[in-house]
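Per-entry structural report
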Amino acid sequence: MQTFKNNSAAAIVLTIADRIVENRAYLSEIDGKIGDGDHGVNMAKGFGMAAEQLKGQDTTLGQAFEVLGNVLMDEIGGSMGPLYGVMFTEFADKLKGHDDVDPKVFSSMLHAGLEGIQSIGSAKVGDKTLLDALVPAIEAFDGAIAASRSFDSALDALVEAAETGRDSTLNLVAKIGRSARLGERSLGVLDAGATSCAIILKEISIAAKSRLH
Amino acid sequence: MTVKQAQPRKNVSSKDNPSEPFDAMPLRYGDDPYVWACWLYYEDGMTQGDIAEAMGISRATVNSYLAEARERGIVNISIEPARLASLTVAQELKRHFGLVDCLVVPSDDKARSLIERLGGAGAQALQRLLKSGDTIAVAWGRTVLSIGERALAPGLQDVTVVQATGGTRASFGYTPELCASSIADAVGGKLINISAPAIVSSNDIRDMFMREPLIESQFQTLARANKALFGISSLRPNSTIHTSGFFESVSLQDYLARNAVGVVAGRFIDGHGRAISGPLDERTIGISLEMLKNIELRIAVAGGFDKVPAILAMLRGGYANVLITDAATARGILNADGVPEIDQRGAHRGRVDSLPAASKTTQRIYTKKFLNNPDRVVDELLEGIVKSHVHLLHPIDKSHRALVARNGPRSGKVGLVIGGGAGHEPGFYGYVGKGLADAVAIGNIFSSPPPGPILRCTEAASGGEGVLFVYGNYAGDVMNFEMAAEMAEAKGIPVRTVLTTDDIASSPLEDREGRRGVAGNLFIFKVAGAACDLGFSLAKCETLTRKANDRTYTVGVALEPCSMPQTRRHNFDIGPDDIEFGMGIHGEPGVVREKMMTADAITDRVMDRIFSEMKPAAGDQVAVLVNSFGATPLMELYILFRRVEQRLNAKGVTIVANWVGHYCTSLDMVGASISILHLDDELTVLLNHPCDSVTLKMS
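Residues numbered from 1 in each chain as written. Chains lettered and ligands numbered in written order. Predicted model: local features only at pLDDT ≥ 70, side-chain atom pairs only at ≥ 80, totals over all residues.

Once that is clear, we can look at the overall build of chain A. Broken down by element type, chain A carries nine helices and two strands. Counting from the amino terminus, helix and strand elements in chain A follow one another as β-α-α-α-α-α-β-α-α-α-α. For chain A, the spread of C-alpha atoms along the three principal axes comes to 45 × 40 × 30 Å. Across the 213 residues in chain A, those meeting the buried criterion constitute 60%. Considering only contacts in chain A between residues 6 or more positions apart, those separated by 24 or more positions represent 67%. (Helix = DSSP H or I, 4+ residues; strand = E, 2+ residues; numbered from the N terminus. Buried ≥ 20, exposed ≤ 12 C-beta atoms within 10 Å, placed from the backbone. Contact = placed C-beta atoms within 7 Å.)

See below:
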C-alpha cells in the first residue's frame, strides 16, 4: 500500500501558495468576466500570508493546512476566505494523528473538506462554483481506489476529474454568488473558484505523488 | 447649380440644442449612426476625429462605422436623390434659422398626400422628442390631426396634453379639442381641454371666462407646457383658414390689411413674424405668442408651397425651434429668405481618398492610480481615514479593520454594526457616528471582512441591549457576518441581522430576498441608526430597519468599468458606445446592456423601473439619493437629479430630503445610481433624527 508522510510535508502548502500567487492575475481576470475580479488578489494575499508564516518551519502537512485554514478564515474575508478556510481546517483535522497518509485517510480528508464547505455554503454541483471541481475529483479518487487502482493512479484520476469539472463550468449558468445575477450571460466563462480549486487539488496531488513510497 | 464650399463646422451641436451626442442624433438621420457617420464624412468633409466628437463616440468607432458602412454598401450605393436633397435642405434650414432640429420629407412621393406624409414625419418626431413627464401644448389644424392619427409613443409616463386654444364648433374635422385628444390618445397622455370657446363675443366675456377657476387651472397647465406642437395657416385665398370656422365670426380683411401672412395657434403674424394686433386679441382664449415662445421645444409642422410666406414668417419670429416640412416647401422658404440654391450641393464632394482599414482600438492596458504598495492599499486607506476623522472614529485594534464611533456605543442602547468591503468609500466608515452605526468592519477591496473584525465591532458596539447587523446581501458578507454573529451569541451578545436588498435590478420581485444591497444602504443605515439612538428594543430596531429596506429602491447604471488597485486593469469590458443598467457596486456586470443615450433617457429608464415597483401616489413623500460610482462628477449627478425631480414632480410626489454626491462608490467606475426611499410618517421621523458621522450630519 502506497502512503506518504504527514511529517515535514509543509512544503506541499508552500507549492500550492506559489501556484496561487503565480495565477493571481489570471484568476482575477476570469473572475472579472462574471464576478468582481478580486478572486486572484484575495487568494494570493491569503496563501501568501500563510506561506510567510510557514517558511522555514518544519511542520506536518496537517499543521500547515491548519495555519493556511486559519489565515484564510481570519484574514481574507469575502466568500473564499470562509469556504477555503473551513476546507483546509477540516483537512488538517483529518490528518491529525496520522504519520502516514494512505488513500483512506486522504479520501476522508477530502470528504471532510467538502462537508465543511457545504456546512456554510448552499451551493450544489452544477451551480458554477468550486464544488464543480471538488466533488467530481473526490468521486474519481474514490472510484479509482474502489477499482483497486494504486494511490498514484487515483491521484491522476483526481486531477483529471478536477480539471474536467473546472472546464464544465464554462457551460454552466451561475446559480449562486454575485455572478448568479447574470443568468445566461455567465455562460462561456470559467468559474474562478472552480479554477483555483483545480489548481489546489492538482498541486496537492503532484506533491503527494512525488512523496509516495 | 451652385456648388458651395463646405463650411468648417465649429458648432456641430448648436448651443441651444438641449440634447447630448449620439442619442441626440439629429432627426434627419433616422436612427442610423452609420448613415450619420457617412454623411459627416463624405458629405460634410469632416475628419474622423471631428466626427467622433460630434457623435460622442471614439475615433476608432467612427473608423469602424465607415469601414462597415462601406462593407454593407451604405456608401457604395449613392444616397437616393430625393432623400439626399431632403437631408441637405434640412441641414441648411437648421443652420439658417438656428433650429434645434429639422425634418424634411421628400416631395416626390406621389403615393401619399402631403398631409399624410407630414403627419407621418411629425409622428416620428414626436416619438423621439416627447419624454415622460412632459406637458405638451397642442394647437389645431389638419396636419396636427394627421400626426395624432399616426403617432404612437408607447412607454411614456405622466405626459399631459393640453389644448392650446379654446374650442370651436365642430363644423370642421380638426377642432382644437379633437387635435389635442388624438395626440393624447396616441401618446397615452392625460388630456386637459380648455373649456371655453376659442373666440368669444366680447372682451368682458373673455375676462369672465378667464376668471373661472376651472379655466384658470387649465391655463395654469398650459403655462407649464415644456413642449408645443402646432401647424401654420397661410392667409391666402385658398387657405383652409377661411373655411375652418375658427374665425367665422370676424372678417379677416382687417388682418390682411395689416399685412398678416399667417396664423400660429390662432394668432396673426406679419411677414417678419411680428404679432399683429387686431379686434380678435381681446376676444381670443388660448395660448399667446409670448407664452408660446417661452416653451422649451416648439415643434411646427407645415408644408405646401402656398404656406411658404407663413412658415418663413413663423421662423423669422422664432415661434418654432423644430420644423417639419417637405422638400419643395423647404427650398421655397430658403429661397425666399435669400439662401442660394442648394439642391445639388455636395453631390460632387464625394471623397476619393481611401479609408484606412478599421484599426483595433489601441487601449491603454493599465490605469493610473495614486499608489504606494498595491497590496497595502486598504491599510493605507484606513490609516488615512483614522487620521482624518480622529474626532469621530477610532480603531478598535491596530489593523484598523474595525472602527468604532467615539460618540456611538452607550449602555442601554442597541448597538449597530455595519460593514463590507473597501472600495466603496465613503461606504461604510462614513456612516459611523452618533445617530448612525456604532462600529464598522472593513474588508479587502470588494470583499467581506472576516469574522474577527466583525466580532470586535460587535463587542465594541454592545451596550447590553443586543446588536443589530446591517449589511449588503452578498454571499461572502453573509458567511462572515453569520460566523461573527454565532461567536457573539456564544459570548452572550444577542444579534439580529437585516440584509439590505435595495438593488431592484439585481433580481425580479419574486426573488426580492435575493437582491443585493447597494447605495440605498444610506437610507437603511440612517433609519437603523436613528432607531437604535432613540433607545428602541432590538426587535423594534430590526422591524424598522427592515421596513426602510423594503421601501428603498435603487437602480445603477455604469458607463465605464472600474479598475482594481492591484491589477490596475479594468475588471470588465464595456463597449465604447455601451452602457449597462443594473450594474452592482462591485462592477458585477449588470442586467441589460444598451447603447449610450441621453441623461434624461437613462434617468427615465431608471425611474420607470423604480415606479413600477414603488407605485407612488400623488402626495407621497420620498428621499432621493443620486450617487456616483466614483468617477462620475457632481455636474452629471445634478443633471440626473434634475430629471429625477421632474419625474417625481410630475407624479405629485414630494422630495423631503435629497443627497447628491459620492455616497457608495465602486473605485473609479463611471456611472451612477438613483435610490428612492418611499417615506411614511414613521420613516420620516427617523430620517430626520440628528446624526453626526463623516458623511451624514443632521442636526
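Alright, that's what it looks like, and here's the rest.
Assigned secondary structure in chain B consists of 21 helices and 25 strands. A total of 699 residues make up chain B; the buried ones form 53% of that total.

Moving on: the domain arrangement of chain B. All names here are of chain B. Considered domain by domain, chain B is made up of domain 1 (12-79), domain 2 (80-336) and domain 3 (374-698). Centre-to-centre, using C-alpha coordinates, domain 2 lies 49 Å away from domain 3. Its residues assigned to classes, the side of domain 2 that touches domain 3 shows no nonpolar, three polar and two charged. (Domains from an automatic or database assignment. Nonpolar A, V, L, I, M, F, W, Y, C, P; charged D, E, K, R; others polar.)

Turning our eyes to something else, we now look at the interface of chain B and chain A. Taken residue by residue, the interface counts 28 residues in chain B and 28 residues in chain A. Every element with two or more residues in the side of chain B that touches chain A is listed here: β15 (439-445) and α16 (475-490) of chain B. With five residues, α16(B) is the largest single contributor of residues to the side of chain B that touches chain A. Classifying every residue of the side of chain B that touches chain A gives eleven nonpolar, 15 polar and two charged.

Right, let's talk about the confidence of the model for chain A for a bit. Close reading of the predicted structure is inappropriate where its pLDDT is low. Averaged over every residue, the pLDDT of chain A is 91; the share at 70 or more is 95%. Ranking the elements of chain A by mean pLDDT puts helix α2 (residues 24-34) of chain A last, at 81, and helix α7 (residues 131-146) of chain A first, at 97. (pLDDT = per-residue confidence, 0-100.)

Here we take up the sheet that holds strand β7 (residues 260-264) of chain B. One key point about sheets: their strands pair by backbone hydrogen bonds, in either a parallel or an antiparallel sense. Residues and elements named next belong to chain B. Sheet architecture is open: three strands sit in the order β6-β7-β8, paired in antiparallel fashion. Of all strands in the sheet, those bounded by a partner on one side alone are β6 (232-234) and β8 (267-270). Neighbour-to-neighbour, the strand axes of the sheet open up by a mean angle of 35 degrees, direction not taken into account. Note that β6 and β7 share three bridges and pair antiparallel. Pairing of S234 across the sheet is with G262, part of β7. Strand contacts of helix α12 (residues 308-316): β6, β7 and β8, with the helix running at about 70 degrees to β7, the strand carrying the most contacts. (Pairing = 2+ DSSP bridges. Axes fitted to C-alpha atoms, helices over the stretch in contact; angles between N-to-C directions.)

Turning our eyes to something else, we now look at α12(B). Residues and elements named next belong to chain B. Burial of α12 is extensive: seven of the nine residues sit out of reach of the surface. Three or more residues of α12 are buried, namely V308, A310, I311, L312, A313, M314 and L315. Positive phi shows up at G318, right after α12, with a value of about 75 degrees.

A few words on the pairing of strand β1 (residues 101-105) of chain B. All names here are of chain B. With five of its five residues buried, β1 lies for the most part within the structure. Of the two faces of β1, the one lined by D101, L103 and V105 and the one lined by C102 and V104 are each fully buried. Sheet analysis places β1 next to strand β10 (residues 322-326), joined by five bridges and oriented parallel. Paired with C102 across the strands is L323, a residue of β10.

Residue and element names in this part refer to chain B. For helix α19 (residues 599-614), which comprises 16 residues, the first-to-last C-alpha distance of 22 Å matches the rise-based estimate of 22 Å (1.5 Å per residue) to within 8%. Here α19 has its buried residues at D600, I602, T603, D604, V606, M607, I610 and M614. Of the surrounding secondary structure, the elements contacted by the buried residues of α19 are β18 (552-560), α20 (634-650) and β23 (670-678). Positive backbone phi, at 50 degrees, marks K615, one or two positions downstream of α19. (Expected span 1.5 Å × (residues − 1).)

Let us look at the packing of helix α5 (residues 114-129) of chain B against helix α6 (residues 142-150) of chain B. All names here are of chain B. Contact geometry for α5 and α6: axes closest at 7 Å, N-to-C directions at 60 degrees. When the axis of α5 is compared with that of α6, the two are oblique. As α5 packs across α6, the resulting crossing turns out to be right-handed. In contact with I115, E116, L118, G119, G120, G122, A123 and L126 of α5, α6 contributes R142, T143, S146, I147, E149 and R150. Its residues placed into classes, the contact of α5 with α6 shows five nonpolar, five polar and four charged. (Parallel < 35°, antiparallel > 145°, perpendicular 65-115°, else oblique. Left-handed = near helix turned anticlockwise from the far one by under 90°.)

Within the largest apolar cluster, 182 residues are counted, with the highest numbers of intra-cluster contacts made by L158(A), V417(B), A439(B), V440(B) and V527(B). Setting aside its immediate chain neighbours within four residues, A439(B) contacts A402(B), L403(B), V404(B), A405(B), G408(B), V417(B), V432(B), C457(B), A460(B) and A461(B). Formed by 95 residues, the second largest nonpolar core is a distinct cluster that contains A125(B), A300(B), M314(B) and I324(B). (Core = buried A, V, L, I, M, F, W, Y, C linked by C-beta atoms within 7 Å.)

Here we come to the sheet that holds strand β3 (residues 160-163) of chain B. Residue and element names in this part refer to chain B. Within the open sheet, the seven strands sit side by side as β1-β10-β9-β5-β2-β3-β4. Their pairing is parallel. Only two strands of the sheet have a single neighbouring strand rather than two, namely β1 and β4 (190-192). Sheet twist, expressed as the average angle between the axes of neighbouring strands with direction ignored, equals 15 degrees. As defined by bridge partners, strand β5 (residues 227-230) adjoins strand β9 (residues 297-301) across four bridges and the pair is classed as parallel. Counterpart to A228 in the pairing with β9 is R298. On the sheet, α6 packs against β2 (135-138), β5 and β9 and is oriented at approximately 105 degrees with respect to β9.

The next thing to look at is unusual backbone geometry. Following E425(B), the chain continues to P426(B) via a peptide bond in cis, the omega torsion being 5 degrees. Here the phi dihedral of K128(A) falls at roughly 70 degrees; this positive angle occurs in a residue that is not glycine. The topology assignment puts K128(A) in the loop between α6 (103-120) and α7.

To continue, consider the pairing of β3(B). All names here are of chain B. Side chains T160 and V162 project from β3 onto one buried face, and the interleaved V161 and Q163 project onto a second face that is buried too. Here β2 pairs with β3 via four bridges, running parallel. Opposite I136, over in β3, you have V161 as the bridge partner. With α6 bridging β2 and the parallel β3, this β-α-β connection has right-handed handedness. Crossover handedness for the path β3 to helix α7 (residues 176-187) to β4: right-handed. (Right-handed = clockwise from strand over helix to strand, strands pointing away.)

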